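Inside the fold
Listed below are the residues making up each chain.
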Amino acid sequence: MKPLTDSEIRAAFVNCSKGEAKRLHVPRDLAQRPWDDLDYFGWRDPQAPDRAYLVTVIDDRTYALVLRRPSTASWQTRRGMCSICLTPHSGGVALMVAPRAGKAGKVGNSVGTYLCEDLACPLYVRGKKDLGSDVGRMRESLTVEEKVARMRANLDEFVGRVLTGEA
């Protein structure tokens, strides 16, 4: 992914108003991000723990999404697998819900998927981020390139659901 600027990111939001995009928190250390290893750039809002953001490029167009994480009690944390990168975690996966783009989102329609809570799917797939003492990665016969392609397909499908309003 090519490095993005604050203004490029804010202009790319498709499921919030321009005013909301202007007010949301974008990390200040964009120049230090590992852009070459990212298929999407995602971050959690430090001022609002239930909010997250995801920016990706599909067919040379940049799309950014506002995501919300429903509150969960600590006893509800359980083992799960990210639907985008297929990384298993014990407690490190969260349901992220995105309002749909356009009129559908304005009336409250949304789509959700299970994502790595830290939004680091591209780094997990490439082996650049360790799961630590977590459950570990499944052994697969796929190459890193094939895993990246699978993750991209899952991500593109999710973004497509946000954009088109499909169930």
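Residues numbered from 1 in each chain as written. Predicted model: local features only at pLDDT ≥ 70, side-chain atom pairs only at ≥ 80, totals over all residues. Heavy atoms only, no water.

Let us look at the overall build of the protein. Of regular secondary structure, the protein possesses 5 helices and 7 strands. Scanning the protein from its N terminus toward the C terminus, one meets helices and strands in the order α-α-β-β-β-β-β-β-α-β-α-α. Counting only residues that meet the buried cut, the protein has 41% of its 167 residues in that class. (Helix = DSSP H or I, 4+ residues; strand = E, 2+ residues; numbered from the N terminus. Buried < 20%, exposed > 50% of the residue type's maximum accessible area, 1.4 Å probe, protein only.)

In this fold, P27 is placed in the loop between α2 (18-23) and β1 (40-44). The exposure class of P27 is buried, given its relative accessible area of 9%. Expressed as a C-alpha distance, the spacing of P27 and D45, which sit 18 residues apart in the sequence, is 8.7 Å. In contact with P27, other than residues within four places in its own chain, are R33, F41 and W43. (Contact = heavy atoms within 4.5 Å.)

Attention shifts here to the packing of aromatic side chains. According to the stated counting rule, one finds 4 aromatic pairs in the structure shown. When the ring of F13 is compared with that of Y53, the centres are 6.0 Å apart and the planes differ by 90 degrees; the resulting orientation is edge-to-face. Taken as a pair, F13 in the loop between α1 (6-11) and α2 and Y53 in strand β2 (residues 51-58) lie far apart in primary sequence, 40 residues in all. Among the aromatic side chains, those forming a connected cluster through ring pairs are F13, W35, F41, W43 and Y53. (Phe/Tyr/Trp six-rings, centres within 6.5 Å; stacked < 30°, edge-to-face > 60°.)

Our next topic: the pattern of salt bridges. The tally for this structure, following the rule as stated, stands at 10 salt bridges. The shortest N-O distance in the salt bridge between R152 and D156 comes to 2.6 Å. Of the two residues, R152 and D156 both sit in helix α5 (residues 144-164), 4 residues apart, roughly one turn of that helix. With its nearest N and O atoms 3.9 Å apart, the salt bridge here joins R161 to E157. Of this pair, R161 and E157 are both found in helix α5, 4 residues apart, which corresponds to roughly one turn of the helix. For E157, a relative accessible area of 43% translates into the label partly exposed. In this structure, a network of salt bridges that share partners links the residues R44, R69 and E117. (Salt bridge = Lys/Arg side-chain N within 4 Å of Asp/Glu carboxyl O.)

Below, the discussion takes up α5. For α5, built from 21 residues, the straight-helix expectation of 30 Å at 1.5 Å per residue is met to within 8% by its first-to-last C-alpha distance of 30 Å. Burial in α5 covers these residues: K147, V148, M151, R152, L155, F158, V159, R161 and V162. Each element contacted by the buried residues of α5 is listed here: β1, β2, β3 (61-68), β6 (93-99), β7 (110-116) and α4 (121-125). (Expected span 1.5 Å × (residues − 1).)

A separate point is the nonpolar core. Grouped together as the largest cluster of nonpolar side chains are 48 residues, with contacts concentrated most on I9, F13, W43, L67, L115 and C121. For this core, the elements supplying multiple residues, two or more each, are β1, β2, β3, β6, β7, α4 and α5. Here the element with the most residues in this core is α5; it accounts for 6 residues. Setting aside residues no more than four positions away along its own chain, L67 makes contact with D50, R51, A52, L54, M96, V97, A98, L115 and F158. (Core = buried A, V, L, I, M, F, W, Y, C linked by side-chain atoms within 4.5 Å.)

Considering only enclosed or pocket space, the second largest pocket measures out at about 220 Å³ in volume. In terms of lining, the second largest pocket is formed by 14 residues, of which the most central are N15, C16, S17, E20 and K106. Elements supplying a minimum of two residues to the lining of the second largest pocket: β3 and α3 (103-106). (1 Å grid on protein atoms, 1.4 Å probe; cavity = no way out; pocket = protein on both sides within 12 Å on 5 of 7 lines; lining within 4 Å. Points joined across faces, edges and corners; volume = space filled by probe spheres on them.)

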